[in-house]
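So you can see what is in the structure, the chains are spelled out below.
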Amino acid sequence: GTRGGWALVGVNAALHLLVLWRKSSEAAKQMPVLKRLNSEELHFSGNAVEANKPWVFITASLVHASHSHIVNNMLMMIPPMIVAEKDLTSRLAGGSSVLGAALLIAVYVITGAIGWLASYVHTKAKSGEMW
């Protein structure tokens, strides 16, 4: 199965739709749970990291700038995720599709966070602000 891959696609799509709804609905903007669903809270930026918002290392891999951005990412992500989840299930999860799905989700979140961290460190080092 590809439970993990489809779960990631679903989370990405759901978060994208919630962010769009929050942007366009006055009622949604007033809901306490949705007040934090804005680009300053979820998208990765050096400012967000320096403002003590470390969750952006994870959420940045789940939010998308536009409809075409999310569609392209999800379409490009599905085939490798199917292969990766099957491989993780057979090699590391002892054939358990649930554990294979969990491993795929963990790999997605961890590699996304590492990528954003590398981007942050590179940008700071390049600007001379790191060391």
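What counts and what doesn't
Residues numbered from 1 in each chain as written. Predicted model: local features only at pLDDT ≥ 70, side-chain atom pairs only at ≥ 80, totals over all residues. Heavy atoms only, no water. Core = buried A, V, L, I, M, F, W, Y, C linked by side-chain atoms within 4.5 Å. Buried < 20%, exposed > 50% of the residue type's maximum accessible area, 1.4 Å probe, protein only. Helix = DSSP H or I, 4+ residues; strand = E, 2+ residues; numbered from the N terminus. Contact = heavy atoms within 4.5 Å. Salt bridge = Lys/Arg side-chain N within 4 Å of Asp/Glu carboxyl O. Polar contact = N/O pair within 3.5 Å; in protein donor to acceptor, adjacent residues only side chain to side chain.

**What to know about the nonpolar core**
For step 1, the next point in the chain: Counting 15 residues, the largest nonpolar core has L8, V9, L15, M77 and M81 as the members making the most contacts within it.
For step 2, the next point in the chain: Counting residues per element, this core draws most heavily on helix α6 (residues 67-91), which supplies six residues.
For step 3, the next point in the chain: Contacts of M77, omitting those with residues within four sequence positions, involve L8, V9, N12 and Y108.
For step 4, the next point in the chain: Membership of the second largest hydrophobic core comes to eight residues, among which are F44, V49, V56 and A113.

**Remarks on the pattern of salt bridges**
As a working rule, side chains carrying opposite charge can pair if their charged atoms are close by.
For step 1, the next point in the chain: Overall, the coordinates contain two salt bridges when judged by the stated rule.
For step 2, the next point in the chain: K124 is paired through a salt bridge with E50; the nearest N and O atoms lie 2.4 Å apart. Linking K124 in helix α7 (residues 97-127) with E50 in helix α4 (residues 46-50), this pair joins segments that are 74 residues apart in sequence.
For step 3, the next point in the chain: Take K124: its relative accessible area is 13%, and that puts it in the buried class.
For step 4, the next point in the chain: Owing to a relative accessible area of 45%, E50 belongs among the partly exposed residues under this scheme.
For step 5, the next point in the chain: In this structure, D87 engages R91 in a salt bridge whose closest nitrogen and oxygen atoms are separated by 2.5 Å. In this pair, D87 and R91 are both assigned in helix α6, four residues apart and thus about one turn of the helix distant.

**Points about the side chain of H64**
For step 1, the next point in the chain: Within the secondary structure layout, H64 lies in the loop between α5 (56-59) and α6.
For step 2, the next point in the chain: Using a relative accessible area of 7% as the deciding quantity, one classes H64 as buried.
For step 3, the next point in the chain: At a separation of 3.4 Å, a polar atom in the side chain of H64 contacts the side chain of N73.
For step 4, the next point in the chain: If near-sequence neighbours (up to four positions away) are discounted, H64 is found in contact with N12, H16, H43, H69, I70, N73 and M74.

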